[in-house]
Amino acid sequence: MRKSLIILLLLISTTSLHAQFFIAGGHLNGGLPVSKLKKEVDKTFFPTLSGILLYELYNQPIQLGLEVAYGIYGTKVEKRNDLYPGYTDEFRLRRNNNYTSGMAVFRYLPSLTSKVTPFIEIQAGANYLYSRFKIRPSIFEEVVEAGKDMQDWAFAYKIGGGVQFPLLGIDGGKLELRVNYQDGGTMRFLTRGDTNYLPNKGDGEFDYNPRQSPLQLITASLGIVVYDAFR
């Protein structure tokens, strides 16, 4: 499946057709775990904000482009006075679990003239998950220490579709509803409860219990796209 998607996207991108116009927009996305990921993190929700840029091939029901996304799928704040040996000052420890992705997009639109426009979508690219921590005396003060606990990336693909509705008040604007299924390579990552601080071990250490699974999600999206956005 992975090789077929890559070949399909390469063939389409090298076709000698001309762009008719560009489409740009953004989406609010929410992903729910399925399959192996559900067994690992059953109740973890994966929200992201994404931006999409497409162009429509001249006289063809095909759109090509790129979508990038970012979200935080878990955060934890602790106030501790045992982070540094010999000091009892209280510090604020925040940890965010971050989700980023970049995907090439292929869309097929069965109808280019109807007001309500359905589409089929295939995406292929990569996901990058990383967990960061920041230590500071308070939320209003400078960071004392920051770093990454864990990071990993993997090839990923999405298959799905949606429908667009005319959006009143925005020239060329359309409201877009979309659902897709995502799968890909196995990744190591942390969730909200997978990191603990052990103050009595050495000079204080973090203890990690990472998860391992493909990022398999059913994702629903609500977005706005604008046709001929750069005219």
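All figures in this text were calculated on a predicted structure; none of them were measured in a lab.

Draft legend 1. Broad picture of the side chain of D183. With respect to the secondary-structure elements, D183 resides in strand β7 (residues 173-184). It turns out D183 is buried and unbridged, and the closest side chain with the opposite charge, K36, is 7.8 Å from it. A distance of 3.1 Å separates a polar atom in the side chain of D183 from a polar atom in the side chain of Y181. In terms of polar contacts, D183 uses its side chain to reach the side chain of Q216, at 3.3 Å. Ignoring anything within four residues of it in the chain, the contact list for D183 reads A156, Y157, P214, L215 and Q216.

Draft legend 2. Main features of the environment of N97. Structurally, the position occupied by N97 is in strand β4 (residues 91-108). Under the relative-accessibility criterion, N97 is labelled buried at 1%. The spacing of N97 and S131 is 34 residues in sequence and 4.4 Å in space, taken between C-alpha atoms. When residues no more than four places from it in sequence are discounted, the contact partners of N97 are G71, I72, Y73, G74, Y130, S131, L190, T191 and R192. Within the structure, N97 has its side chain in polar contact with the side chain of S131 (distance 2.5 Å).

Draft legend 3. How the structure looks around unusual backbone geometry. One non-glycine residue, S35, lies in positive phi territory at about 55°. You can see S35 is positioned in helix α2 (residues 35-40). Accessibility expressed as a relative area gives 44% for S35, which makes it partly exposed. The phi dihedral of N59 is positive, around 60°, even though this residue is not glycine. The residue N59 is located in the loop between β2 (46-57) and β3 (62-80) in this model. Relative accessible area serves as the criterion here: at 63%, N59 is assigned to the exposed category.

Draft legend 4. View of the nonpolar core. Listed in full, the 11 residues of the largest apolar core are L37, V41, F46, Y73, Y99, L129, A154, M187, F189, L215 and L217. Sequence-distant contacts of L215, that is, excluding residues within four places in its chain, are made with L37, F46, Y99, N127, L129, Q182, D183, G185 and M187. Ranked by size, the runner-up nonpolar core spans 9 residues in total, among them F21, I23, F119 and Y227.

Draft legend 5. Highlighting the packing of aromatic side chains. Summed over the entire model, instances satisfying the criterion amount to 12 aromatic pairs. Plain terms: the ring middles of Y73 and F189 are 6.4 Å apart, the flat faces sit at 80° to each other, and that makes the pair edge-to-face. With Y73 in strand β3 and F189 in strand β8 (residues 186-189), this pair connects stretches of sequence that are 116 residues apart. Its relative accessible area of 7% is what places Y73 among the buried residues. Ring pairs connect the aromatic residues F46, Y73, Y99 and F189, which therefore count as one cluster. Cation over ring: R95 sits above F206, and NZ or CZ is 4.9 Å from the ring centre. Between K174 and the ring centre of Y227, over which it is positioned, the NZ or CZ distance is 4.8 Å.

Draft legend 6. Geometry of the pattern of salt bridges. Applying the stated criterion across every chain yields a total of 10 salt bridges. Its salt-bridge partner being D194, residue R211 comes within 3.1 Å of it at the nearest N-O pair. One end of the pair, R211, is in strand β11 (residues 211-214); the other, D194, is in the loop between β8 and β9 (195-198), and 17 residues separate them in sequence. Among the residues examined, R211 registers a relative accessible area of 23% and is labelled partly exposed. Ionic contacts of the salt-bridge type, sharing partners, join the residues E67, R107, E121, E176 and R178 into one network.

So, how was this worked out
Residues numbered from 1 in each chain as written. Predicted model: local features only at pLDDT ≥ 70, side-chain atom pairs only at ≥ 80, totals over all residues. Heavy atoms only, no water. Helix = DSSP H or I, 4+ residues; strand = E, 2+ residues; numbered from the N terminus. Buried < 20%, exposed > 50% of the residue type's maximum accessible area, 1.4 Å probe, protein only. Lys, Arg positive; Asp, Glu negative; His and termini not counted. Salt bridge = Lys/Arg side-chain N within 4 Å of Asp/Glu carboxyl O. Polar contact = N/O pair within 3.5 Å; in protein donor to acceptor, adjacent residues only side chain to side chain. Contact = heavy atoms within 4.5 Å. Core = buried A, V, L, I, M, F, W, Y, C linked by side-chain atoms within 4.5 Å. Phe/Tyr/Trp six-rings, centres within 6.5 Å; stacked < 30°, edge-to-face > 60°. Lys NZ or Arg CZ within 6 Å of the ring centre and 35° of its normal.

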